[in-house]
Amino acid sequence: MKIVYVASQLHMNGIDHVGRSLTRHLATEHDLRVCGAIVTPDSPLRNGRVSEWVLSSDDLRDVDVVYVEGGWVDMAAVEKFPRSAAEEFVFGGGQLIVADVNRSNVMTQVEPLRQASQLFGSAPDMLADGDVAVRYLGDVDAREQYGIRFATEQMWVSESLRPSFEGIDALLGDSVVLLQLGAGQIAASGNATTRVLSLDEYDDRGPVTPWATVNAYGSGHAVLIAGWVSHDLIVEACPDNARWISNLIALLTDWTHESASWTTTHSQSGRAAADLSALLDQAESQKLERKSSFLIPADPSRGDTPIDDIQFQVGKSIVALANTDGGHLIIGQADDLTVLGLEPDLSKVRNGDRDGFEQRLVQYADNFLSPRWEVLGLTLHWVKTPSGDVAIVEIPEQPSDKITSIRKTKRGDDSVYVRRSTRTDRLEGSNLAHWSAARSRRA
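Participant: Requested: an account of the sheet that holds strand β28 (residues 423–427), with residues and values cited.
Facilitator: Taken together, the four strands give an open sheet; going across it, the order is β23-β26-β27-β28, and neighbouring strands pair in antiparallel fashion. In the strand order of this sheet, the two ends are held by β23 (369–370) and β28, each with one partner. Examined bridge by bridge, strand β27 (residues 414–420) and β28 share five bridges and lie antiparallel to one another. Bridging across to β28, R419 finds its partner in T424. In the packing of helix α8 (residues 307–323) onto the sheet, the strands contacted are β23, β26 (405–407), β27 and β28, and the crossing angle to β27 comes to about 65 degrees.

Participant: Talk me through α8; I want residue IDs and the actual numbers.
Facilitator: An ideal rise of 1.5 Å per residue puts 24 Å on 17 residues; α8 measures up with 24 Å between its terminal C-alpha atoms. For α8, a buried count of 13 out of 17 residues is recorded, marking the element as mostly surrounded by other parts of the structure.

Participant: Would you mind going over the side chain of D366 in detail, with residue names and values included?
Facilitator: The residue D366 is located in helix α10 (residues 354–368) in this model. Looking at D366, the relative accessible area reads 14%, which means it is buried. Discounting residues that sit within four places of it in the chain, D366 has contacts with R372, W373 and E374.

Participant: I'd like to hear about the packing of aromatic side chains, residue by residue, with values.
Facilitator: Geometry of an aromatic ring pair is reported as the spacing of the ring centres plus the angle between the planes. In total, this model carries twelve aromatic pairs according to the counting rule given. Centre to centre, the rings of F294 and F357 are 5.9 Å apart; their planes meet at 70 degrees, and the pair counts as edge-to-face. Here F294, found in the loop between β21 (288–291) and α8, pairs with F357, found in helix α10; they are 63 residues apart in sequence, far enough to count as distant. Take F357: its relative accessible area is 0%, and that puts it in the buried class. Taken together, a centroid distance of 6.2 Å and an interplanar angle of 75 degrees make the contact between F312 and Y417 edge-to-face. Taken together, the residues F312 in helix α8 and Y417 in strand β27 connect sequence positions 105 residues apart. A relative accessible area of 7% places F312 in the buried class. Residue class for Y417 comes out buried when judged on its relative accessible area of 7%. Cation over ring: R372 sits above W255, and NZ or CZ is 4.9 Å from the ring centre.

Participant: Tell me about the packing of α8 against α10, and please be specific about residues and values.
Facilitator: Two packed helices can be described by the angle between their axes and the distance between those axes. At a closest axis distance of 11 Å, the pairing of α8 and α10 adopts a crossing angle of 80 degrees. Considering their axes alone, α8 and α10 lie roughly perpendicular with respect to each other. Judged by residue contacts, I307, Q311, F312, V314 and G315 of α8 engage R360, L361 and Y364 from α10. Residue classes in the contact of α8 with α10 are distributed as five nonpolar, two polar and one charged.

Participant: Give me unusual backbone geometry: which residues, what numbers.
Facilitator: Of note, the amide linkage connecting S370 to P371 takes the cis form, showing an omega dihedral of 5 degrees. The backbone phi angle of D100 is positive, close to 75 degrees, even though this residue is not glycine. Mapped onto the elements of the fold, D100 is located in the loop between β8 (95–98) and α3 (106–115). What makes D100 buried here is its relative accessible area of 0%.

Participant: If you had to explain the environment of R20 to someone new, which residues and values would you point to?
Facilitator: Mapped onto the fold, R20 is located in helix α1 (residues 20–27). Spatially, the C-alpha atom of R20 lies 45 Å from that of F312, the residues being 292 residues apart in sequence.

Participant: I'd like a description of the environment of G71, backed by residues and values.
Facilitator: Relative to the helices and strands, G71 is located in the loop between β7 (65–68) and α2 (83–91). Judged by its relative accessible area of 0%, G71 falls in the buried class. In this structure, the C-alpha to C-alpha distance between G71 and L119, residues 48 residues apart in sequence, is 15 Å. Those residues in contact with G71 that lie beyond four places of it in its chain are K80, V98, A99, D100, V101 and Q109.

Participant: Kindly report on the nonpolar core, identifying the contributing residues and their values.
Facilitator: Counting 37 residues, the largest nonpolar core has W211, I225 and W244 as the members making the most contacts within it. Among the elements that take part in this core, helix α6 (residues 240–260) stands out by supplying eight residues, more than any other. Ranked by size, the runner-up nonpolar core spans 34 residues in total, among them V6, F81, F91 and L113.

Participant: Tell me about the sheet that holds β21, and please be specific about residues and values.
Facilitator: Hydrogen bonds along the backbone pair up the strands of a sheet, which may run parallel or antiparallel. Pairing is mixed in the open sheet, where four strands are placed in the order β21-β22-β25-β24. Two strands bound the open sheet, and with one partner strand each, they are β21 and β24 (379–385). The sheet shows a mean angle of 25 degrees between the axes of neighbouring strands, taken without regard to direction. Across four bridges, the pairing between β21 and strand β22 (residues 327–331) is parallel. Looking at the pairing, L288 lines up with H328 of β22. The sheet strands contacting α10 are β22, β24 and β25 (388–395), and the helix crosses β24 at an angle near 140 degrees.

Calculation criteria
- Residues numbered from 1 in each chain as written.
- Predicted model: local features only at pLDDT ≥ 70, side-chain atom pairs only at ≥ 80, totals over all residues.
- Heavy atoms only, no water.
- Pairing = 2+ DSSP bridges.
- Helix = DSSP H or I, 4+ residues; strand = E, 2+ residues; numbered from the N terminus.
- Contact = heavy atoms within 4.5 Å.
- Axes fitted to C-alpha atoms, helices over the stretch in contact; angles between N-to-C directions.
- Expected span 1.5 Å × (residues − 1).
- Buried < 20%, exposed > 50% of the residue type's maximum accessible area, 1.4 Å probe, protein only.
- Phe/Tyr/Trp six-rings, centres within 6.5 Å; stacked < 30°, edge-to-face > 60°.
- Lys NZ or Arg CZ within 6 Å of the ring centre and 35° of its normal.
- Parallel < 35°, antiparallel > 145°, perpendicular 65-115°, else oblique.
- Nonpolar A, V, L, I, M, F, W, Y, C, P; charged D, E, K, R; others polar.
- Core = buried A, V, L, I, M, F, W, Y, C linked by side-chain atoms within 4.5 Å.

Right under this line is the structure:
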């Protein structure tokens, strides 16, 4: 695996690199290069005095991971990896990890990170009244010489991230900043003594205090770690920091490689395409459901409908079909069989094409459905019509001992839906228990 490690600061005499212990650890397993900045091909830095310490974004085509220590920007608030180039790298399947956004440097980081919040799925948490003050974590009982030691058995961690914590006893972070979550998965303190500080005074936040997030973006992932975890002093005091970073890189890369084996399974020509087109003329049934759109309301008069609600309707239909007999979900067609097409939706995705739409749909499924898209064996097909492209999700029937569920929000509870004739019904309590038992008997 090829890793580019971006040091804390680029200056006329070279770089300031504080994570040598971490790079030595990563270099034992991977092909690693250290630089001071990643720049666009036309940057004057490529031909200047520091040219040996910069890397062109054009040279990232065979790079798997970019790790940025010292935060997203340097001391002059200049991005060490230009946002547009970073988005392209991640969208194409790269893994980006930005670490060490901390109390001492966060004020230079806030605005650039807020502008990049779609990429990272999070940003430093500000005071509610818009004050520039950033909230951070304090934990007297867990404080070490170099920061706060988070015991992993006490931490709140998104389920799919748990493999990266296997074999890790604790993580050490210094000057840890609270993150405001927009999307993605989180690692959060679970220590009962961890409190949130605003303007050096404690306030109540609750037990879930995110300080690291992982956001799926296109085919890759963007990670934001709000606290010093890379510094030599911290890694030497807590070698589990380096092990966790290594585990995280391996996990994210595996996710991308898994996705690559199925994300190119587009449809189809010949008889298969004709068979799919025939679905557009069929009435809804226990194995066929349709939704008008996925990203924006198909009816302009309902423009105030939250995107979360539109996406949830698609997600719960996938869940219901998976829990019943499998089938197909058509996206881009109204209930009365009027073909609407997905041109408005496509205008909202990267490059305005089918690939961008598929990535958004898969990302939603991976964030809110359990199991993930590829575990469910979902396939996205396309049918071209005079009204525009229509997407059809093929959903296999799932094993009888597996239950598919959906969360409406990242921290919400799992809900189970089933298909009953043309209805999608939610099951809970005794109804869920009876259905599960009947399903097992049927097997």
